[in-house]
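Per-entry structural report
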Amino acid sequence: MAGPRPAQNLLGAAGLMPVVVSMGLAMLMLLPLGSGLADYATPHLVMISCFYWLSWRPLLMPYGACTVLGLVLDLWLGAPLGINTIMLLLTRLFVLNQLKYYKDKNRGVYWGVFSVMAFGFFTLSWLLTSAVAGQFLAADTVFLQWLVTSFFYAPIAFVLGRLRRWVL
Amino acid sequence: MRTTGVRDRGTLTKRVARGRDAFWLYMGLAIALYALELFGSGVPRQVRGYANDLATPVLSLLNEPIQILQSGLERVAGVGDIYLENQELRDENDKLRQWREAAQRLIVENERLRQILKVPEREVPPLATAAVIGVGGGAFERSVLINAGSTENVDSNLPVVDELGLVGRTIEVGLMTTRVLLITDLNSRVPIRLERSGDVAIAEGLNEAFMRMRFLAVDSSVQIGDRVVTSGHGGLFPPDIPVAEVTGIIEDFIELTPISSLSTLDFVRVMDYRPLPPEQDPEPSSEEAGGQ
């Protein structure tokens, strides 16, 4: 006997919203926003989006979607291929394993968990990129990007929350 | 009831197993792609170029309101200083008129001397003028995406400049877009010359807002405020394009700050500079050709 239908089928086109929104945020990461800081330390909006949707609607952000988003990001950002894919796949694995500990807690806890997770993954991406470059790259830019990403989690999650309540 | 519970547990176990399989499948794919970058030649630049093409329509569309907003903000910010700025511009205009007359005299004289000495032209024509529609958003690369590609005859390794100086060179060319590696990127090396003394060196990108001057001769004298221009060595960049200014000297670390406005780039020019013929397979020698 077939199991319950996946959430995508129950929600119809609205079920694609997390992936579509994340793709839109990936394009936003590419936009030249006109300030030196924005160019060099763009928040990782896709990681924020993936973490948010996985925390609230994990079935709508499957491993396949994380892979495609990561691949597209690597190609668009000019990063070594595979790095963003690995980061987003690990984001899904992390959330699915740890969600039971922070589910239904207040927003500050979600923010804290995201910051800790992002720190680990940015460190990993720094190590992987350094290995491709053949030397240890400057860590301060990664640290700056982690700070900016952590800071931006709250406003982006707020907007995504409004969107989730409105559509899903 | 009990049967339903057992069935639910079975479904859950199957779903967890499927999820684990999917994770390892996609992770294997990601690791394989990474290994290709690490040990192999990486993904062909052409693939990246075409991937950028896919994002172009949306980026161009999103870029419009941003440009309007930015120019609006600049206008609002500039209103307060408009009187002082006007006065400064009048003074500058007077000075520029004098310089223009001097420059015109020199151009004529230079042209006459070139003709007498039969020196070839050094002017590099622009190939395309393009808008910056995207930036390299990662912490590890300094690149921008421009909306000119192979349809405008843009090729890889062409110099890119803005109104002030050198910006970088083209690396990944798609049909409608090209990625430009900025001179501040870690992988960028620009052969340079000190304008004052003529000493040659290399400007090395550091993934920072500034660059480092390397391989300068020991007996060279360098001072803060010295301008550096492209030397023309290596064949990638034409000579005499302004690159940077010396802004710091700490023992053997010479810091260079780019002259071009890299953090606020909006329009750039791709130069049609191809001094070296494209690489070709070596022709077989006459013996080899005869033997076949």
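Residues numbered from 1 in each chain as written. Chains lettered and ligands numbered in written order. Predicted model: local features only at pLDDT ≥ 70, side-chain atom pairs only at ≥ 80, totals over all residues.

1. Side note on the overall build of chain A
If you tally the helices and strands in chain A, you get eight helices and zero strands. Helices and strands in chain A line up, N terminus first, as α-α-α-α-α-α-α-α. A buried classification covers 45% of the 168 residues belonging to chain A. The contacts of chain A with a sequence gap of at least 6 include a subset with a gap of at least 24, amounting to 68%. (Helix = DSSP H or I, 4+ residues; strand = E, 2+ residues; numbered from the N terminus. Buried ≥ 20, exposed ≤ 12 C-beta atoms within 10 Å, placed from the backbone. Contact = placed C-beta atoms within 7 Å.)

2. Considering the nonpolar core
Formed by 104 residues in total, the largest nonpolar core has its most connected members in Val46 of chain A together with Val167, Ala203 and Val243 of chain B. At ten residues, helix α5 (residues 63-77) of chain A tops the list of elements feeding residues into this core. Those residues in contact with Val243 of chain B, other than ones at most four positions away along the chain, are Gly165, Leu166, Ile183, Val190, Ile192, Ala203, Val228, Val229, Thr230, Pro258 and Ile259 of chain B. (Core = buried A, V, L, I, M, F, W, Y, C linked by C-beta atoms within 7 Å.)

3. As for unusual backbone geometry
Residue and element names in this part refer to chain B. Phi is positive for Asn153, close to 65°, though the residue is something other than glycine. Along the chain, Asn153 turns up in the loop between β2 (143-146) and β3 (159-161). Overall, the presence of 13 C-beta atoms within 10 Å leaves Asn153 in the partly exposed class. The phi torsion at Asn207 lies on the positive side, around 60°, for a residue other than glycine. When you line up the elements, Asn207 lands in the loop between β7 (200-205) and β8 (211-214). A tally of 21 C-beta atoms within 10 Å means that Asn207 is categorised as buried.

4. Observations concerning helix α7 (residues 107-133) of chain A
Residues and elements named next belong to chain A. Its 27 residues give α7 an end-to-end C-alpha distance of 38 Å, which sits within 8% of 39 Å, the value for a rise of 1.5 Å per residue. Every buried residue belonging to α7 is among Val113, Phe114, Ala118, Phe121, Phe122, Ser125, Trp126, Leu128 and Thr129, and all of these are buried. Positioned one or two residues after α7, Gly134 has a phi angle of 80°, which is positive. (Expected span 1.5 Å × (residues − 1).)

5. Topic: the pairing of β2 of chain B
All names here are of chain B. Both faces of β2 are covered, namely the face carrying Ser143 and Leu145 and the face carrying Val144 and Ile146. Of the strand pairs in this sheet, β2 and strand β5 (residues 178-182) are connected by four bridges, and their pairing is antiparallel. Paired with Val144 across the two strands is Val180, which belongs to β5. (Pairing = 2+ DSSP bridges.)

6. Description of the packing of helix α4 (residues 45-56) of chain A against helix α8 (residues 139-167) of chain A
Residues and elements named next belong to chain A. Between α4 and α8, the shortest axis-to-axis distance is 9 Å and the interhelical angle comes to 50°. One element, α4, and the other, α8, form an angle in the oblique class. As for the relative orientation of α4 and α8, their crossing is right-handed in sense. Between α4 and α8, the residues in contact are Leu45, Met47, Ile48, Ser49, Tyr52 and Trp56 and Thr149, Phe152, Tyr153, Ile156, Ala157, Leu160 and Arg164, respectively. Residue composition of the contact of α4 with α8, by class: ten nonpolar, two polar and one charged. (Axes fitted to C-alpha atoms, helices over the stretch in contact; angles between N-to-C directions. Parallel < 35°, antiparallel > 145°, perpendicular 65-115°, else oblique. Left-handed = near helix turned anticlockwise from the far one by under 90°. Nonpolar A, V, L, I, M, F, W, Y, C, P; charged D, E, K, R; others polar.)

7. Description of the environment of Gly165 of chain B
All names here are of chain B. Within the secondary structure, Gly165 sits in the loop between β3 and β4 (166-173). For Gly165, a count of 21 C-beta atoms within 10 Å gives the class buried. For the pair Gly165 and Gln98, spaced 67 residues apart in sequence, the C-alpha to C-alpha distance is 23 Å. Apart from the residues lying within four places of it in its own chain, the contact partners of Gly165 are Ile241, Pro242, Val243, Ile259 and Ser260.

8. Quick look at helix α6 (residues 83-102) of chain A
Because each turn of an α-helix spans 3.6 residues, side chains separated by three or four positions in sequence point in the same direction. Residues and elements named next belong to chain A. Between its terminal C-alpha atoms α6 stretches 27 Å, which fits the 28 Å expected from 20 residues at 1.5 Å a residue. The sharpest bend along α6 measures roughly 40° and falls at Leu96. Once α6 ends, the next one or two residues include Asp104, with phi positive near 65°. (Bend = angle between axes of the 7 residues up to and from the residue.)

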